[in-house]
Amino acid sequence: MNQAPDAETPLARTLLALTLPAALVGVVCALLLWGAEELAALLEHLWWGALPDALGVGEARWWPLVILTITGALIGLVVERAPGHAGYDSAQIELNAPPLPLRSLPGVAIVLVLALAGGVSLGPESPIIALGVGVTVWGARRFLPAVPVQLAMVTAFAGIIAAMFSGPFAAALLLTEALAAAKGPGGLWDRMFLPMVSAVAASITARLLGMPSLIGDLGPADVTLASTGWAVLIAAAAAAFGVAATYLLPLAHRAFRRLRRPLLYTTAGGLVLGVLGTIGGEITMFKGSAATAQIISEADTIALGSLVGILVIKTAALVVSAAAGFRGGRIFPAIFIGTATGVLGHAILPDVSIGLAVGAGVLGTVLAVSKSGWMALFGGVIIVGDATVISALIAVLLPIWLLLARVPEMIVHAPGQLDSPPEEAAAVTPERG
């Protein structure tokens, strides 16, 4: 075990000196996420409430076709015209991708707000991390040039993750994956200290701002040996949707890029999403947080056929959203897909509690999409809101991990795409997380 450094050692003094800047990074990251979500909420109210009411179309079934097509066109224009933005494609990068130049960040912010408001089936993860990392790296280079770029990136990453996922615990888990093999002075928690300061500050700021929490309350998980076995099957079924999305994404990405111009392929993607939204309804659109709560509340009344249809349409919407040039993350939609699969599993196997079924479903889909065991386990536990489910979900995780051993992460790795990373970003290559 690594002993804690004495308060007078150079490492301890360095960590202490950088504690306040790290906390400031966390606050800024939470404010960036809050600002993007608030702007998106205002625009969403205009597009999906005030505007159709003013036009007298109310809740017309075809309205998603109009809004999502317009959203695609607007995002395409930003991608084409915003300085430095054409090089950023969230379908091709890890969450902890190299930092974008400062001039690219306004375009990233605009397309994030448009996508969240317009009903695109992506979460805020990738763009908001790009914003937090970009601002933090710029600030570190300007005001603290002695701080390594990699440390600034990881500190911002932790702050954004904590703000998005209801506390610093998710950041701690992901940082163990990113930093366990990293070289540097001190032990693992010495390297995690400043990022965790950022994560704590971000989570406190998010709570003070009243940002919604992902923590669920599905009651006791009622875990038994038999129910854990059934939960493995539910997780495998949920993982199948993630695997399908993973293998379809590169195919859809290449198909949309045949249109060559971002304005064309994002508009086409918006049109397809509009068709899917017209068929599946609002529950199959947007990032999925509100829909996750909705489908849990309707678990006892929704028909099995409707659940299957929602799962198919939401998976298709996730693939199209990620492939057609929209900017966003795959974790939030994956949580919804896993939740819906868990609700379906509980309906078919009522002896499996709703908590265990949903936790297993979220674990399966998130693991298939992200290939991160910690993220999958965290997602399953937090959506249930019952720590007693941890042991069962770890037991579920192990066979599903083996099942997915040869399945790649949901990302486009093909070389030579139009949206190749910009030269400014390629200068820094972080550890994969």
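Just so it is clear, the model here is predicted, and its values are computed rather than measured.

Section: empty space enclosed by the protein
Step number 1: A complete count under the given rule lists one cavity of 30 Å³ or more for this structure.
Step number 2: Quantified by volume, the largest cavity comes out at close to 40 Å³.
Step number 3: The wall of the largest cavity is formed by L68, G119, S121, L273, L276, G277, T284, M285, I313 and A317.
Step number 4: Those elements that provide at least two residues to the lining of the largest cavity are α10 (262-280) and α12 (304-323).
Step number 5: Among the elements that line the lining of the largest cavity, the one with the most residues is α10, at three residues.
Step number 6: The residue inventory of the lining of the largest cavity, partitioned by class, reads six nonpolar, four polar and no charged.

Some points on the packing of aromatic side chains
Step number 1: Scanning all chains against the criterion turns up six aromatic pairs.
Step number 2: Ring geometry for F165 versus F378: centroids 6.4 Å apart, planes at 90°, classification edge-to-face. Here the residue F165 occupies a position in the loop between α6 (149-164) and α7 (169-179), and F378 occupies one in helix α15 (residues 373-384), the gap between them amounting to 213 residues. Like F378, F165 is buried.
Step number 3: A network of ring pairs unites the aromatic residues F165, F169, F332 and F378 as a single cluster.
Step number 4: Between R257 and the ring centre of Y265, over which it is positioned, the NZ or CZ distance is 4.2 Å.
Step number 5: In this structure, K287 is placed above the aromatic ring of F332, and the distance from its NZ or CZ to the ring centre is 5.2 Å.

Quick word on the nonpolar core
A general tendency of soluble globular proteins is for nonpolar side chains to be buried together.
Step number 1: Core analysis: the biggest nonpolar cluster contains 136 residues, and I128, I161, M164 and F165 have the highest contact counts within it.
Step number 2: Residues from two domains meet in this core; each of domain 1 (17-209) and domain 2 (225-404) gives at least three.
Step number 3: Contact partners of I161, with chain neighbours within four places excluded, come to I129, G167, A170, A171 and L174.

Considerations on the environment of I302
Step number 1: Relative to the helices and strands, I302 is located in the loop between α11 (289-297) and α12.
Step number 2: Spatially, the C-alpha atom of I302 lies 9.3 Å from that of L344, the residues being 42 residues apart in sequence.
Step number 3: If sequence neighbours within four positions are ignored, I302 has contacts with L307 and I310.

Considerations on the layout of surface pockets
Step number 1: Size it by volume and the largest pocket reaches roughly 830 Å³.
Step number 2: The wall of the largest pocket is formed by 38 residues, among which P212, K287, G288, S289 and A290 lie closest to the centre.
Step number 3: Looking at the lining of the largest pocket, the elements with two or more residues in it are α2 (19-55), α6, α11 and α13 (331-348).
Step number 4: In the lining of the largest pocket, the residues fall into 25 nonpolar, seven polar and six charged.
Step number 5: In this structure, the lining of the largest pocket is formed jointly by two domains, domain 1 (17-209) and domain 2 (225-404), each of which donates at least three residues.

Overview of the side chain of S227
Step number 1: With respect to the helices and strands, the residue S227 is situated in helix α9 (residues 225-257).
Step number 2: Take S227: its relative accessible area is 4%, and that puts it in the buried class.
Step number 3: At a separation of 2.8 Å, a polar atom in the side chain of S227 contacts the main-chain amide nitrogen of T224.
Step number 4: The residues touching S227, leaving out its near neighbours within four places in the chain, are D222, V352 and L356.

Cut-offs and rules
- Residues numbered from 1 in each chain as written.
- Predicted model: local features only at pLDDT ≥ 70, side-chain atom pairs only at ≥ 80, totals over all residues.
- Heavy atoms only, no water.
- 1 Å grid on protein atoms, 1.4 Å probe; cavity = no way out; pocket = protein on both sides within 12 Å on 5 of 7 lines; lining within 4 Å.
- Points joined across faces, edges and corners; volume = space filled by probe spheres on them.
- Helix = DSSP H or I, 4+ residues; strand = E, 2+ residues; numbered from the N terminus.
- Nonpolar A, V, L, I, M, F, W, Y, C, P; charged D, E, K, R; others polar.
- Phe/Tyr/Trp six-rings, centres within 6.5 Å; stacked < 30°, edge-to-face > 60°.
- Buried < 20%, exposed > 50% of the residue type's maximum accessible area, 1.4 Å probe, protein only.
- Lys NZ or Arg CZ within 6 Å of the ring centre and 35° of its normal.
- Core = buried A, V, L, I, M, F, W, Y, C linked by side-chain atoms within 4.5 Å.
- Domains from an automatic or database assignment.
- Contact = heavy atoms within 4.5 Å.
- Polar contact = N/O pair within 3.5 Å; in protein donor to acceptor, adjacent residues only side chain to side chain.

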